[in-house]
Amino acid sequence: MASLINEAFQNAKSENRPALLTYTVAGDNTKKKSLEILKSISDYADICELGFPHNTPIADGGQIQTSAYRAIKNGIKINDVFSIARDFKKSKKTKPIILMGYYNMIFQYNENKFLDKCKNVKVDGLIVVDLPYPENKKFASKCKKRGVNFIQLVSPTTSEIRLKKIIKDSHDMLYYISMLSTTGGKLKVSPKKILKRYGKIKNQNKSKNVVIGFGITEKTIKSLKKADGLVVGSAICKEISNSIKKRQNPVTNVTNIVKRLKNKIK
Amino acid sequence: MKLKRGIPLIDQHDQHGFWGGKFGGSFIPETLKKPVEDLTNEFKKLRKDKKFLNKRDFYFKNYIGTPTSFVKLDNLTNHLGGAQIWAKVVSEANGGAHKIYNATVHALICKAMGKKYIVGDTGAGYAGKMLSMAAKKFGLKCKIFMGAKDIKRQKPNCDAMKKNGAEIVPVYSGSQTLVDAVSECMRYWVSNCDNTHMCVGSTVGPNIFVKICGWSTAQISRELKVQLKSKFKKIPNKIKLINCVGGGSSAYGFWSEFIDYDKKQIELIGVEAGGPKKSKLHAAPLSRNAKIGILHGAASYLCQNNEGQINDTESISAGLDYPGVSPIHCFLKDTKRARYTYATDEDALNAHVMVTKYENLNPSLEPSHAFAEAIKIAPKLSKDTIIIVNSCGDAKKDRDILKERLGKK
Ligand SMILES: Cc1ncc(COP(=O)(O)O)c(C=O)c1O
């Protein structure tokens, strides 16, 4: 499948490095600022994940919760998320953007309407945290029909048989959760172990791009650089919180962090 | 959408875990798929295992102290002058509420699965207190997640948890009540599911937790059925079973044996928390026509805004102060087998005052919601109508609130 997501991975591979994926929350800390952050960090990130914030995020740790609550408090609505994505894609046509969030928001918006909107504003992919396989089959095929990549998650608890099935039904990209944790946890498993399991997933189908996420920071990113891609979320959200606290410009600070992350995996 | 006869309601879901095709399910992160599947298989096995059932019955009898009594409230009946009012005094159970059934079963399952750690959520503090008791009894290490607001308003139960050696983890996010406690407990389980068992405190959460909890509290209606037959020789012709509904574990437990009866013979009435009279906030998704949404891994009627953000709720009763409700109650509502209504904070307080004035009974604020409905409808009903209220909790835990609101000691 010729997708911008695939291209981004190929591009990184040609430079002999993993793709860098960032996660920020739409509307954190304002609509305007989050768009600015997104545009600015995309000079260094290969793929940008944009969270649509929910106020009961059962799989997120403190940093991302704080970002989400802040964005909601500042009035972010789903349609704002789409308009941020649209504006972003207008100026960064070839940069893939992945929306990420919880199913209830899609359900309330209406599945079909939500996916049409994704297609319309040129969203490249979608991660739905609480819509696991196989219940997500119908939804995933609706995504495919609209040219939106549905990204399956895989975890250390995923059984072998299940893994096979998930990979078979996956699109261009898979997301491997490094450890048993919510987002923002400290990396409690050795990189060697994570990469071993990663290798097992990769071996099933080399054409799938597999990224690793959860627990990745400036400190840990280098140790996992063998992966196709690495996702950094909480470390970035934390930087936004710190910038606000210190009354500094989050755009500059977050861009610097992403720049440093990128340098570590070059 | 139709109910089946002869099959427990907890088993009337489809292969994806949905009741009536749309309530329930398991909307969980990938990491929890495996532990949920393991738990599902274990429960399936255990509920057919004679030895396990004997163990359950042994602890229900000797530890929980079943059967709890079934009594006529003569003074209240005479005062209201209509239907007969009876109570199933479930608050006599060890610990003071129905939550002990679910807690005991979860502790037994945890043991059977070889796990040493158990975690749970609590609102009123009863689910937490009971889990801490069961953990102590069976030698498990226990952590309870509880909203900071609830820790303050339900102090007696917190003291009990600590005395039993459980760690209380205060939750400061969101409204600092039950909804946040459940979220935080699930997050903890995501991070520790390899060695830790999770107990959900009501018939909510991913499908399997609804089933285990309902299977546990169903003991209440099994007892009641026997007691009805012994008091009346047969099941009377006009019964109304009134129960408060937070997550719905007490109500399901009270009703499960009677769902197959015609509703003209046995009416099921669930009473949700209407919140303060003057407030727009409430915790009554069934009776105030909330839309279906997904919370804590299940689809149910849910207090939420049109974006799908969960609404703040408000109730004097911490145990009912929850924006969602059990999928099995949504199913009972849509099939019209049960009727759901709500009582306000003030209604519940008034009911508490009246019941304690006329009877030697001290219902907590949760069942006081159910008594409010009984008091409302009894005068209009015939003398051969049997109203039975599940008095599922004891008001000791509400000491501070009652003192503040009623000047009571
Ligand atoms: C005494 C009592 N009744 C009722 C409830 C509400 O829960 P459920 O609807 O699951 O019975 C609680 C919850 O904490 C409780 O403590």
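Residues numbered from 1 in each chain as written. Chains lettered and ligands numbered in written order. Predicted model: local features only at pLDDT ≥ 70, side-chain atom pairs only at ≥ 80, totals over all residues. Heavy atoms only, no water.

Undergrad: Looking at this model, I keep getting lost on the domain arrangement of chain B. Mind explaining?
TA: Note: interface size is frequently given as the accessible area lost on complex formation between the parts. All names here are of chain B. Here chain B is partitioned into domain 1 (26-60 + 99-214) and domain 2 (67-96 + 219-406). Its C-alpha centre places domain 1 at a distance of 23 Å from the equivalent point of domain 2. The interface is formed by 35 residues belonging to domain 1 together with 41 residues belonging to domain 2. Overall, the association of domain 1 and domain 2 removes approximately 2,800 Å² of surface from exposure, summing both partners, and the carbon and sulfur fraction of that is 60%. Linking domain 1 with domain 2 are 1 salt bridge. The salt bridge partner of Asp-321 is Arg-153, with a shortest N-O separation of 2.9 Å. Remark: the boundary between domain 1 and domain 2 carries 15 residue pairs in polar contact (both at pLDDT 80 or more). For the side of domain 1 that touches domain 2, the secondary-structure elements that each account for two or more residues are helix H2 (50-64), helix H4 (99-112), helix H5 (126-138), helix H6 (148-153), helix H7 (155-163), helix H8 (178-192) and helix H9 (207-217). Per element, the largest residue contribution to the side of domain 1 that touches domain 2 is 5 residues, and it comes from H8. In terms of residue class, the side of domain 1 that touches domain 2 is made up of 17 nonpolar, 12 polar and 6 charged. (Domains from an automatic or database assignment. Contact = heavy atoms within 4.5 Å. Buried area = accessible area lost by both parts, 1.4 Å probe. Salt bridge = Lys/Arg side-chain N within 4 Å of Asp/Glu carboxyl O. Polar contact = N/O pair within 3.5 Å; in protein donor to acceptor, adjacent residues only side chain to side chain. Helix = DSSP H or I, 4+ residues; strand = E, 2+ residues; numbered from the N terminus. Nonpolar A, V, L, I, M, F, W, Y, C, P; charged D, E, K, R; others polar.)

Undergrad: Even after reading the chapter, I still don't get a positive patch on the surface, so can you show me in this structure?
TA: Side chains of A:Arg86, A:Lys90, A:Lys93 and A:Lys122 sit close together on the surface and give a patch of like positive charge. Take A:Lys90: it is sitting in helix H4 (residues 78-91). (Patch = residues over 30% accessible without salt bridge, like charges linked within 9 Å, V, L, I, M, F, W, Y side chains within 5 Å. Areas by Shrake-Rupley, 256 points an atom, 1.4 Å probe, with all protein chains shown as cover. Lys, Arg positive; Asp, Glu negative; His and termini not counted. Charge placed at Lys NZ, Arg CZ, Asp CG, Glu CD.)

Undergrad: Help me out: how do you make sense of the layout of surface pockets in this one?
TA: Where empty space is left in the structure can be found by rolling a water-sized probe over the atoms. Considering only enclosed or pocket space, the largest pocket measures out at about 700 Å³ in volume. Taken together, 27 residues line the largest pocket, and the ones lying closest to its centre are A:Glu135, B:Gln15, B:Lys33, B:Glu37 and B:Thr40. Only helix H8 (160-168) of chain A together with helix H1 (30-46) and H9 of chain B provide two or more residues apiece to the lining of the largest pocket. Here the element with the most residues in the lining of the largest pocket is H1(B); it accounts for 7 residues. When its residues are assigned to classes, the lining of the largest pocket shows 7 nonpolar, 9 polar and 11 charged. Space inside the second largest pocket adds up to approximately 610 Å³. As for the second largest pocket, its lining consists of 29 residues, and the residues nearest its centre are A:Gly215, A:Ile216, A:Thr217, A:Ser234 and A:Ala235. Put simply, the parts of the chain that give the lining of the second largest pocket at least two residues each are helix H3 (62-73), strand S9 (229-232), helix H10 (234-245) and helix H11 (250-265) of chain A. (1 Å grid on protein atoms, 1.4 Å probe; cavity = no way out; pocket = protein on both sides within 12 Å on 5 of 7 lines; lining within 4 Å. Points joined across faces, edges and corners; volume = space filled by probe spheres on them.)

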